[in-house]
Amino acid sequence: MGLREIRQQGDPVLNKECKPVKEMTDRLRDLIDDMFDTMYEGNGCGLAAPQVGILRQICVVDIGDENQYLFINPEIVEKEGEQTDNEGCLSVKGYYGQVTRAQHIKVKALDIDMEPFEMEADDFLARAIQHEVDHLHGHLYTELVEGDLYEVRDEDEEAED
Ligand code: ZN
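Everything numeric in this text was worked out from a predicted model, so none of it was measured. Counting from 1, residues in each chain are numbered in the order their sequence is written. The predicted origin of the model limits local features to residues at a pLDDT of at least 70 and limits the giving and counting of side-chain atom pairs to 80 or more, whereas totals for whole chains, interfaces and linings rest on all residues. Calculated side-chain values reflect all of the structure's heavy atoms, with hydrogen atoms and water omitted.

Novice: Explain the packing of aromatic side chains to me, and be specific about the residues and the numbers.
Specialist: Ring pairs shown here join Phe, Tyr and Trp side chains whose ring centres sit within 6.5 Å, with only the six-membered ring taken for Trp; geometry is labelled stacked below 30 degrees between planes, edge-to-face above 60, and tilted in between. According to the stated counting rule, one finds four aromatic pairs in the structure shown. Here the aromatic rings of Tyr69 and Phe71 are separated by 6.3 Å at their centres, their planes lie at 15°, and the arrangement is stacked. The burial state of Tyr69 is the same as that of Phe71; both residues are buried. When the ring of Tyr96 is compared with that of Tyr150, the centres are 5.7 Å apart and the planes differ by 35°; the resulting orientation is tilted. Here Tyr150 lies in strand 8 (residues 146-151) and Tyr96 lies in strand 5 (residues 95-101), a separation of 54 residues in the sequence. You can call Tyr96 buried: its relative accessible area is 17%. By the ring-pair criterion, three or more aromatic residues cluster together here, those being Tyr69, Phe71 and Phe117. Think of it in three bands: residues with accessible area under 20% of the maximum for their type are buried, residues over 50% are exposed, and the middle band is partly exposed, with areas taken using a 1.4 Å probe on protein chains only. Runs of E in the DSSP output that reach at least two residues are strands. Runs of H or I that reach at least four are helices, and both are numbered from the N terminus.

Novice: Give me helix 1 (residues 26-41): which residues, what numbers.
Specialist: Between its first and last C-alpha atoms helix 1 spans 22 Å; for 16 residues at 1.5 Å apiece the expected length is 22 Å, and the two agree. Contacts made by the buried residues of helix 1 are with strand 1 (46-48), strand 2 (58-61) and strand 3 (69-80). A positive backbone phi angle near 55° is found at Asn43, which sits one or two residues after helix 1. Each helix should span, by expectation, one fewer than its residue count multiplied by 1.5 Å. Throughout, a contact is declared for two residues whenever any of their heavy atoms are within 4.5 Å.

Novice: Which residues make up a negative patch on the surface, and what values do they have?
Specialist: Here a patch means residues that are over 30% exposed by relative accessible area and free of salt bridges, tied together within 9 Å if like-charged and within 5 Å if nonpolar (Val, Leu, Ile, Met, Phe, Trp, Tyr). Residue burial considers only the protein chains on display, and all accessible areas are found by Shrake-Rupley using a 1.4 Å probe. The salt bridge criterion pairs a side-chain nitrogen of Lys or Arg with a carboxyl oxygen of Asp or Glu, the two atoms within 4 Å. For the charge count, each Lys or Arg is scored as positive and each Asp or Glu as negative, with His and the chain ends excluded. Just so you know, the charge point we use is NZ for Lys, CZ for Arg, CG for Asp and CD for Glu. Residues Glu80, Glu120, Asp122 and Asp123 make up a contiguous surface patch of negative charge. Inspection of the secondary structure puts Asp123 in helix 2 (residues 123-136). The exposure class of Asp123 is partly exposed, given its relative accessible area of 42%.

Written as structure tokens, this is what we have:
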């Protein structure tokens, strides 16, 4: 188990474009394991490599639906509909805000063996994937927030992506 430091908003690494992964290495496998550990430790439902300071197109998602999703070089190829809900981020600790995103997406990515796959997602899973893919292109959800960013109070801690 390896925990990595989660970079916080204001750290320039969070605003940079990530490079695609060309080949799987032991180093990247370790990174991916650590990303899952770090996400679970932070009670998040997603984490992208730049959040732990690595500018590679890798993100992980677990929204509690019994699946652990890994996306390498993900690309959202279809977006349909709209959903508006609260969103948080492990790199913007203690805050949440309202964001509108696509209701339904189709994403193309590579798996841990660098094999391509396609997946469709709706609702909160689609939201989490869109949030993480944004990280890989240097964008935080705070750029999309409609209205104010709210402070999380201890007693109603939100799930954070
Ligand atoms: Zn985030």
